Amino acid sequence: MYNKTSSLGKIHEKTLKLLECDQKKKDYLDYREEFDNASNFKKIYNYPIHIDIEIDNFCNFACTFCPIGQKDNELNGYYKTLKKLDENKIYEILDETKKIGVKSVQFSLVNEPLANKNIFKYVKYASKLKFSDIFFVSNGYLLNEKNIHNILKSGLTKIQFSLDAFSENTYKERRLKNTKPANYKKTLNNILNFLKIKKKLGKNFPLVRVSFIELDDNKKEFNDFKKFWEEKVDGINYQKLVDYSQKTQFAEENFLNSCNMPMFRLAIKSDGNVKPCCVGFGEKIHLGNVYNQTLSEIWNSNFMKNFQKMHLEKRANENEVCKNCLKYTNV
């Protein structure tokens with residue numbers, strides 16, 4: 001099973017504890033049961049459990065480990081011109097996914113959601129539809145007080161801040177803004193201020209995670225990172241490297257010949273194209289387009305069913321894209 005991420009902190013137990021009514025608790029338990037069944041290859045449902053919606057392809061950062069920051073990466077070209085999903089199409093996607101059984105929505109892929117002026121409208125709409133989990137990943141740089149208050153009243157259930165460093169020097173080496181090093185202290189203070197205001201207002205949600213991608217030059221900082229954040233946030237995501245530059249090939253014995261992402265998720269890119277996972281390599285696998293097909297049609301297509309079967313039978317190396325992903329992913 002594809003398992004590049006481990007989590008510290010019992011975030012799902014915390015979610016259940018904080019949900020205010022029995023129906024919401026039941027819905028969340030149903031969602032987690034379906035997610036666990038699908039991600040552990042026990043059952044494939046006739047709908048995805050989770051969808052990613054890349055509302056646009058803009059990010060205010062160009063991190064060295066991301067295709068946006070890798071100019072020689074063939075994936076980089078996609079992000080050179082602005083692409084964004086039509087606002088009405090996003091509402092249509094949310095309506096359809098709720099109708100067919102999707103339980104969880106993330107409003108980010110390779111983008112910074114807080115840079116989109118409509119993000120809070122989309123989150124509020126998803127909240128009214130009563131999805132069990134609504135979240136996005138942010139670098140935290142645009143987390144000013146206005147955005148903090150908008151997040152806290154939007155209906156977002158979880159938010160994850162990508163940091164990947166504990167020292168200012170490491171942060172500046174990896175995270176670039178307009179080709180210049182980003183300001184670590186600004187990001188740190190933004191997140192701490194978010195936590196302070198959330199506590200002051202007595203808000204249970206969104207639950208907060210911070211993430212750490214392991215790289216050769218930062219892994220020595222993880223223990224300090226963990227020690228600093230574990231009492232401040234609800235969870236810590238520890239992510240291993242996905243090397244989009246394909247410079248680091250991992251040992252053959254570490255390869256897993258299957259991936260669980262196509263069992264539970266669909267990822268919608270900002271041009272409407274649909275992919276089977278959230279990993280950059282997956283952008284080369286075209287399942288369909290939301291402007292031409294429904295998500296149900298895409299999920300239940302012959303191509304998708306055969307693709308899932310390939311992973312169920314541990315034949316992922318038969319697909320060149322999946323083979324490369326597993327080859328350059330430290331699982």
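(A) Expanded view of the packing of helix H1 (residues 11–18) against helix H2 (residues 22–39). At their nearest, the axes of H1 and H2 sit 9 Å apart, and the two run at 160° to each other. Classed by the angle they form, the pair H1 and H2 counts as roughly antiparallel. Helix-helix and strand crossings are classified by hand; for H1 and H2 the assignment is right-handed. Touching His12, Thr15, Leu16 and Lys17 of H1 are Lys25, Tyr28, Leu29 and Arg32, all from H2.

(B) Broad picture of the side chain of Asn57. Along the chain, the position of Asn57 falls in the loop between strand S2 (50–53) and helix H3 (87–100). At 3.0 Å, the side chain of Asn57 forms a polar contact with the backbone oxygen of Thr81. Within polar-contact distance, the side chain of Asn57 engages the backbone nitrogen of Lys83 at 2.7 Å. Those residues within four positions of Asn57 in sequence are excluded, and the remaining contacts are Tyr78, Tyr79, Thr81, Leu82, Lys83, Val110, Asn111 and Ser270.

(C) Spotlight on helix H7 (residues 184–200). The terminal C-alpha atoms of H7 lie 24 Å apart, and with 17 residues this matches the ideal 24 Å at 1.5 Å per residue to within 8%. Among the residues making up H7, those that are buried are Tyr184, Thr187, Leu188, Asn190, Ile191, Phe194, Leu195, Ile197 and Lys198. For H7, the elements touching its buried residues are helix H5 (145–152), strand S5 (158–162), helix H6 (168–174), strand S8 (207–213) and helix H8 (222–229). Structurally, the start of H7 carries an N-cap: the backbone nitrogen of Lys185 is 3.0 Å from a side-chain oxygen of Asn183. Remark: Gly202 follows H7 within two positions and exhibits a positive phi of approximately 70°.

The rules we used
- Residues numbered from 1 in each chain as written.
- Predicted model: local features only at pLDDT ≥ 70, side-chain atom pairs only at ≥ 80, totals over all residues.
- Heavy atoms only, no water.
- Axes fitted to C-alpha atoms, helices over the stretch in contact; angles between N-to-C directions.
- Helix = DSSP H or I, 4+ residues; strand = E, 2+ residues; numbered from the N terminus.
- Parallel < 35°, antiparallel > 145°, perpendicular 65-115°, else oblique.
- Left-handed = near helix turned anticlockwise from the far one by under 90°.
- Contact = heavy atoms within 4.5 Å.
- Polar contact = N/O pair within 3.5 Å; in protein donor to acceptor, adjacent residues only side chain to side chain.
- Expected span 1.5 Å × (residues − 1).
- Buried < 20%, exposed > 50% of the residue type's maximum accessible area, 1.4 Å probe, protein only.

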